[in-house]
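# Commentary on secondary and tertiary structure
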Amino acid sequence: ELVRHLLATSGIDVNTVNDSGYTALMVAAESNDTELVRQLLAAPSIDVNTVNDSGDTALMFAASEGHAEVVRQLLAFPGIDMYLKNDRGDSAWLQSDFINRQDIDLLFKQKLEAEVAAATSSLATSAADEAGDGDGESKSSMDGDGMIF
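Structural notes, computed from the coordinates. (Residues numbered from 1 in each chain as written. Predicted model: local features only at pLDDT ≥ 70, side-chain atom pairs only at ≥ 80, totals over all residues. Heavy atoms only, no water.)

## Observations concerning the packing of helix α3 (residues 34-41) against helix α5 (residues 68-75)
At a closest axis distance of 10 Å, the pairing of α3 and α5 adopts a crossing angle of 10 degrees. In terms of their interaxial angle, α3 and α5 are classed as roughly parallel. Between α3 and α5, the contacting residues are Thr34, Val37, Arg38 and Leu41 on the first element and Glu69, Val70, Gln73 and Leu74 on the second. When its residues are assigned to classes, the contact of α3 with α5 shows four nonpolar, two polar and two charged. (Axes fitted to C-alpha atoms, helices over the stretch in contact; angles between N-to-C directions. Helix = DSSP H or I, 4+ residues; strand = E, 2+ residues; numbered from the N terminus. Parallel < 35°, antiparallel > 145°, perpendicular 65-115°, else oblique. Contact = heavy atoms within 4.5 Å. Nonpolar A, V, L, I, M, F, W, Y, C, P; charged D, E, K, R; others polar.)

Encoded structure:
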């Protein structure tokens, strides 16, 4: 309730960091506080890709601690960058491998598959638009003999 009140207060920056560079989202993710993560993700100005002094993100904390539900929440957030690497060169996905959590690994694979599907769909739409005017018909014309000109 206190967090909801603070989030509703104008002038509160949900991306403020403490002395170690941790945001409230990082602390909530590391603590497996799914309700607080949900509330923070609802804040319009939330930056899910903020890094702390070591280059770690909220997603990295959740993945390295094995907090599958928080990982799921974060991966579902638009704009999350699951490819960021910390100062040691580790991504969140790699950190989940360190603790051998297949359920979390599956969440990253599903996110990757969704990104590939979206990119493929976008490329197909672009190719169709280049081939025609978007109505599914070619821009080419045929003369009376069936020749394209």
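## Digging into the layout of surface pockets
Of the volumes computed, that of the largest pocket is approximately 180 Å³. Lining of the largest pocket is provided by 10 residues; of these, Leu6, Leu7, Ile12, Ala24 and Leu40 occupy positions nearest its centre. Within the residue set of the lining of the largest pocket, elements represented by two or more residues are α1 (2-8) and α3. When residues of the lining of the largest pocket are assigned to their parent elements, the largest contribution, three residues, is made by α1. By residue class, the composition of the lining of the largest pocket is eight nonpolar, one polar and one charged. (1 Å grid on protein atoms, 1.4 Å probe; cavity = no way out; pocket = protein on both sides within 12 Å on 5 of 7 lines; lining within 4 Å. Points joined across faces, edges and corners; volume = space filled by probe spheres on them.)

## Concerning the nonpolar core
Core analysis: the biggest nonpolar cluster contains 31 residues, and Leu25, Ile46, Leu59, Val71, Leu74 and Phe108 have the highest contact counts within it. Those elements that provide at least two residues to this core are α2 (24-30), α3, α4 (58-65), α5, α6 (92-98) and α7 (102-131). No other element matches the six residues that α4 contributes to this core. (Core = buried A, V, L, I, M, F, W, Y, C linked by side-chain atoms within 4.5 Å. Buried < 20%, exposed > 50% of the residue type's maximum accessible area, 1.4 Å probe, protein only.)

## Some remarks on α4
Burial analysis of α4 places six of its eight residues in the buried class, which makes it a mostly covered element. Inspection of α4 places Ala58, Leu59, Met60, Phe61, Ala62 and Ala63 among the buried residues, and these make up the whole buried set.

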